[in-house]
Amino acid sequence: MLSPMPSPTDAQADLIAYLDFHVEAGADAALDEQPHDRFNEADTPAPTLRAPRRAPPRAAEQPVSPVANTLVPPPGSAPPSTAAPTAAPRTFGRAASAQPDEAASDARARARQAKSLDELERILADFDACPLRFTAKNLVFADGNPEARVMFLGEAPGADEDRIGKPFMGRSGQLLDKMMKAVGLDRTSAYIGNIVPWRPPGNRNPTPQEVAVCRPFVERQIELVDPDIIVCLGAPATQTLTGTKDGILRTRGRLFPYKLPNREVKLLATLHPAFLLRQPVQKRLAWRDFRSLRALLDGKA
């Protein structure tokens, strides 16, 4: 009969809670006293079984200088170097050298070439001028129905989205699903994306330069979806598409005009589900915004 496992001590329970907090915050690697090249580790193939190599000849079998207790190099060979070998610097295509203005200009040119959402996704997957592409696991392009009348746009993927490859898959996504369901929407009647399609390391906010490089792609994505209503979830998406500098608590509930090539549609700003998870009392404000969204879809506003 197995003996019951001992209960954790208070110190162990505190450590477990501490680790759970960092995992929830997006930490995905531990630090130690030695530096690690995480990029090379990700690209290093798993070890394979190989035949054992023959051991090198023992030092005693090589001639030894009588002057000093050192090995004598073979005749005609260069003297051994005492400098430590240095690894060649690792570069990531144009992302290592492209300037933000140059990268944004290239993004605009590539985005204009896309004639469909599938083509835009392929172009974006091959775009190498945004450094986030090389730290994320997956491109998080979109989810939902591209024929829908409403398009939701967040800021950037999190850890769950990066792992699955679709937007709003974690706790924020579960809350967004509930919010949509409350006004008669789901992922078959809405289209969901982000202004930045790659997860920033550690779930940090994307930089203004990263947003500027990705902006032409999300603008082209909006044009191809051609929604009647755009719902910006949070300040970054709202500020990127409207140009306002106000915070989300000032802009939420407001309608902005958004120009498409052939018409003008409405853009509604509201609170991001992640913000609502941190401040549940603000859900009442989001509920007002979603009621306004339902009225817009019903032609009553």
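Refer to the structure above for everything that follows.
Cut-offs used in this document
- Residues numbered from 1 in each chain as written.
- Predicted model: local features only at pLDDT ≥ 70, side-chain atom pairs only at ≥ 80, totals over all residues.
- Heavy atoms only, no water.
- Helix = DSSP H or I, 4+ residues; strand = E, 2+ residues; numbered from the N terminus.
- Buried < 20%, exposed > 50% of the residue type's maximum accessible area, 1.4 Å probe, protein only.
- Contact = heavy atoms within 4.5 Å.
- Areas by Shrake-Rupley, 256 points an atom, 1.4 Å probe, with all protein chains shown as cover.
- 1 Å grid on protein atoms, 1.4 Å probe; cavity = no way out; pocket = protein on both sides within 12 Å on 5 of 7 lines; lining within 4 Å.
- Points joined across faces, edges and corners; volume = space filled by probe spheres on them.
- Nonpolar A, V, L, I, M, F, W, Y, C, P; charged D, E, K, R; others polar.
- Core = buried A, V, L, I, M, F, W, Y, C linked by side-chain atoms within 4.5 Å.
- Salt bridge = Lys/Arg side-chain N within 4 Å of Asp/Glu carboxyl O.

### Remarks on the overall build of the chain
Argument step 1. Within the chain one finds 11 helices and 6 strands.
Argument step 2. Out of the 301 residues belonging to the chain, those deemed buried represent 36%.
Argument step 3. Contacts in the chain between residues at least 24 apart in sequence constitute 70% of all its contacts with a sequence separation of at least 6.
Argument step 4. Here the chain has roughly 19400 Å² of accessible surface; of this, 54% comes from carbon and sulfur atoms.

### Focus on empty space enclosed by the protein
Argument step 1. If you walk through the whole model with that rule in mind, you get 1 cavity of 30 Å³ or more.
Argument step 2. Quantified by volume, the largest cavity comes out at close to 60 Å³.
Argument step 3. Looking at the lining of the largest cavity, the element that brings in the most residues is helix H7 (residues 208–225), giving 4 residues.
Argument step 4. Of the residues assigned to the lining of the largest cavity, the class counts are 10 nonpolar, 2 polar and no charged.

### What to know about the nonpolar core
Argument step 1. Val-150, Phe-152, Trp-198, Ile-230 and Leu-293 are the most contacted members of the largest nonpolar core, which has 65 residues in total.
Argument step 2. Considering every element that reaches this core, the biggest residue donor is H7, with 7 residues.
Argument step 3. The contacts of Val-150, once residues within four sequence positions are left out, are Leu-185, Ser-189, Ala-190, Tyr-191, Pro-227, Ile-229, Val-231, Leu-293 and Leu-297.

### Description of the environment of Leu-241
Argument step 1. Following the sequence through the fold, Leu-241 ends up in helix H8 (residues 235–242).
Argument step 2. With 23 residues separating them along the chain, Leu-241 and Val-218 place their C-alpha atoms 9.4 Å apart.
Argument step 3. With near-sequence residues (within four places) excluded, Leu-241 lies in contact with Leu-153, Ile-222, Ile-230, Cys-232, Tyr-258 and Leu-267.

### Quick notes on the pattern of salt bridges
Argument step 1. The tally for this structure, following the rule as stated, stands at 13 salt bridges.
Argument step 2. For Asp-143, the salt bridge identified is with Arg-187, shortest N-O distance 2.9 Å. Of this pair, Asp-143 sits in strand E1 (residues 143–144) while Arg-187 sits in the loop between helix H6 (171–182) and strand E3 (191–194); the two residues are 44 residues apart in sequence, bridging distant segments of the chain. Of the two residues, Asp-143 and Arg-187, neither departs from the other in class, the shared state being buried.
Argument step 3. Between Arg-263 and Asp-228 there is a salt bridge whose closest N-O contact spans 3.0 Å. Taken together, the residues Arg-263 in the loop between strand E5 (255–259) and strand E6 (264–270) and Asp-228 in the loop between H7 and strand E4 (229–233) connect sequence positions 35 residues apart.
Argument step 4. Taken together, the shared-partner salt bridges connect Arg-149, Asp-226, Asp-228 and Arg-263 into one network.

Function cannot be inferred from these measures alone, as they are strictly geometric.
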